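One letter stands for each residue in the lines below.
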Amino acid sequence: MAEPSWRTWTEHASTRKVYVDASRPDDSGDGLSAGTAKKTVAAGLALIRNGFPDWLLFKCGEVWTGETLAIADDHVGLDASNPIIISSYGSGARPRFDTGRSTFCDCSSSNIVFDDLELYAHERDPNNGAFAGWPQATSGSPFGIVLRGDGPTNNVVIQNCRVRYFDIGIAALKNNATARGVEDCVIRGNVVEDSWADTTVGNHTQGFYLENMVRGVVEDNFADRCGWNPDDGTQTYGEATIYNHGFYILDTFNSTYRRNWSSRASSFGFKLASNWLKYSPDARWEDCDFVDNLALECPNAFSVGGHGTVYAYLRCTFTHNVATRCGSSRNGAFAYQRFITSASGADDFLYDRNLAVDDDDSDSAFDARGFIEAGWGDSAPGVYRNVRVTNNVAFDHPIGSSAGPTWGWNDDQQTGDVANITCNGGIVVTGNEDNLAGGGYPDSSRPALSYSTFIGEDGTLAALYAIVRAQRRGAWDDNVTAAALNSYLRGGFGISDPDSSPAPPPAPTERSYVLTGGSLVLGVKTGGA
């Protein structure tokens, strides 16, 4: 694949370009040209007009320390095609914002673009001379960029940004009154690194935290070493816990998540959660595609589940995803691993052509642990209907603490009990393979390490991680992406690549879910009535 499909914009007749250069002596310039740039973030933002497609441009190679942005409803772009753009100008490194221990941008507005920025919570980096030290319980929970759904916040693009050492790198939060989140948002080609939180005060931390997004597109992003801080040698403050992940995606509607890379996470590379019935019947996964994502060296790969039990995932697809070299001893946090867990019920859900492959002989604890587990934690077993589990491969997984890899129903966790699963309409489990011997595949000897050599690197994953952290528009290495590594590994097992666009979910049947006296009543509407 080539570079991501970056969004581009042309100037509108009414566009005002505002330039900001940290090397200027002061804010005396009018800010309307590179030669008369403003110095500070605040002075530049003050020239951006509400309701206009203005551009706020920061000079490449410059650094702003202790300066942040607040984008509220007094800074709304003209429309989705003519947004306010916050980006860079000139050549060199991305403009960098050293925010200390503060959020860079808290956004509750619409028609906004964040492009080609580097955000760095430098006082949270133990390798920086300005590090504030341990513990950091008083630093709050700083975000790189947080979008708030109660803005309302619609038509936002975050692309080509690098975000480092925040509690949460990029977040989209729901409107608590309606349980609806940010609408028509694109998050593309960003790199989030080293997100962590002080666990002594119970903070949770994620690379990406996205809840209740509506018609979102999240693609070609990277989360590396998120959810813990290995520089805390005692693992007292930056501890890896089961609550911290590379991507945490909670309830979503009509959205697509594809070609994202999560490596060296605290717990799951990707947690796809639903809190249906715990918070609101309107909170669930509905009409979404999760395609061609990669979990690499994560203790656990993917989780599809949450606190709801009945049809919390409606008309969704989970296809062509890859987990490799996952397991314990990555960060010392876990003694068990999974490819996928599923605690919530699903209706019209397709699991297809996913690959779980372990090529690390030093980690004998990793196993597939059940492609779908029937309930775990505080969740009762789910209710499933029209779930298809097809054409998946688990390879080279030694038998760990469970009964070994299986793509069917596996009940090895707490409340899970196969006998208690209600299957309305049937579960289809066909064409899946658990192969420990290695026979019958085109080239099952393709580990992730061999891919590093295959593309001309030194045969280490460290080389790939260094490239990940340097990814940027115009200097994009298309060999080091989730799509490229996934394709290489899938090819060894004869699994086809996905189409350029994900397959649509099954044709919907309109259903209503009503709580009556503490019980759930399912009604089916037919004939358009």
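Predicted model, so just to flag it, every value in this text is computed and none were measured.

### Regarding the pairing of strand 10 (residues 143-148)
Counting buried residues in strand 10 gives five out of six residues, a clear majority hidden from the surface. Of the strand pairs in this sheet, strand 7 (residues 105-107) and strand 10 are connected by three bridges, and their pairing is parallel. Opposite Cys107, over in strand 10, you have Leu147 as the bridge partner. Sheet topology places strand 10 next to strand 13 (residues 168-173); five bridges connect them, and they run parallel. Paired with Leu147 across the two strands is Ala172, which belongs to strand 13.

### Examining the nonpolar core
Grouped together as the largest cluster of nonpolar side chains are 70 residues, with contacts concentrated most on Leu56, Leu69, Ile86, Phe114, Leu147 and Phe349. Here Leu69 is in contact with Val41, Leu45, Leu56, Ile86, Phe104, Cys105 and Asp106, once residues within four sequence places are set aside.

### Observations concerning the environment of Ile86
Looking at where Ile86 falls in the secondary structure, it is placed in strand 5 (residues 84-89). According to the relative accessible area criterion, Ile86 is buried, its value standing at 1%. Along the sequence, Ile86 and Asp116 sit 30 residues apart, while their C-alpha atoms lie 8.5 Å from each other. Those residues in contact with Ile86 that sit more than four places away from it in its chain are Leu56, Phe58, Leu69, Ile71, Ile112, Val113, Phe114, Asp115 and Leu117.

### Topic: helix 3 (residues 461-470)
Of all the 10 residues making up helix 3, seven are buried; the element is thus mostly covered by neighbouring parts of the structure. Within the span of helix 3, buried status applies to Leu461, Ala463, Leu464, Tyr465, Ile467, Val468 and Arg469. Buried residues belonging to helix 3 abut strand 12 (162-164), strand 15 (191-193), strand 18 (222-224), strand 21 (261-263), strand 25 (294-296) and helix 2 (448-454).

### Quick word on unusual backbone geometry
For Asp194, which is not glycine, the phi torsion reads 55° and is therefore positive. Mapped onto the elements, Asp194 comes out in the loop between strand 15 and strand 16 (206-214). Overall, the relative accessible area of 2% leaves Asp194 in the buried class. Positioned with a positive phi, Arg264 is a non-glycine residue whose angle comes to about 55°. Here Arg264 lies in the loop between strand 21 and strand 22 (268-274).

### So, the pattern of salt bridges
A side chain with one charge may pair with a side chain of the opposite charge, provided their charged atoms come close. Counted under the stated rule, the structure contains 32 salt bridges. A salt bridge links Arg315 to Asp287, with the nearest nitrogen and oxygen atoms 2.7 Å apart. On the criterion of sequence distance, the pair formed by Arg315 in strand 27 (residues 313-319) and Asp287 in the loop between strand 23 (285-286) and strand 24 (289-291) is long-range, its members being 28 residues apart. When sorted by exposure, Arg315 lands in the same class as Asp287, which is buried. One network of salt bridges, with partners in common, ties together Glu118, Arg162, Arg164, Glu193, Asp194, Asp224, Arg225, Arg264 and Arg469.

### Section: the packing of aromatic side chains
Within the structure shown, the criterion is met by 29 aromatic pairs. Seen in terms of ring centroids, Trp64 and Phe97 are 5.2 Å apart; in terms of plane orientation they differ by 20°. Their pairing is stacked. Of the two residues, Trp64 is situated in strand 3 (residues 63-65) and Phe97 in strand 6 (residues 96-98); the sequence distance between them amounts to 33 residues. Judged by relative accessible area, which is 1%, Trp64 ranks as buried.

### Comments concerning empty space enclosed by the protein
Considering all chains together, one arrives at one cavity of 30 Å³ or more under this definition. Considered as a void within the structure, the largest cavity measures approximately 30 Å³ in volume. In this structure, the largest cavity is lined by Trp9, Thr10, His12, Thr15, Pro53, Trp55, Ser81, Asn82, Pro83 and Ile85. Considering only residue class, the lining of the largest cavity consists of five nonpolar, five polar and no charged.

### A closer look at the confidence of the model for the chain
Per-residue confidence for the chain averages 80 on the pLDDT scale, and 74% of its residues sit at or above 70. For the stretch residues 361-380, pLDDT sits under 50, and the model shows 97 contacts to residues farther than four places along the chain or on other chains. Confidence drops under pLDDT 50 across residues 501-529; counting only partners more than four residues distant or on other chains, this segment forms 48 contacts.

What counts as what
Residues numbered from 1 in each chain as written. Predicted model: local features only at pLDDT ≥ 70, side-chain atom pairs only at ≥ 80, totals over all residues. Heavy atoms only, no water. Buried < 20%, exposed > 50% of the residue type's maximum accessible area, 1.4 Å probe, protein only. Helix = DSSP H or I, 4+ residues; strand = E, 2+ residues; numbered from the N terminus. Pairing = 2+ DSSP bridges. Core = buried A, V, L, I, M, F, W, Y, C linked by side-chain atoms within 4.5 Å. Contact = heavy atoms within 4.5 Å. Salt bridge = Lys/Arg side-chain N within 4 Å of Asp/Glu carboxyl O. Phe/Tyr/Trp six-rings, centres within 6.5 Å; stacked < 30°, edge-to-face > 60°. 1 Å grid on protein atoms, 1.4 Å probe; cavity = no way out; pocket = protein on both sides within 12 Å on 5 of 7 lines; lining within 4 Å. Points joined across faces, edges and corners; volume = space filled by probe spheres on them. Nonpolar A, V, L, I, M, F, W, Y, C, P; charged D, E, K, R; others polar. pLDDT = per-residue confidence, 0-100.

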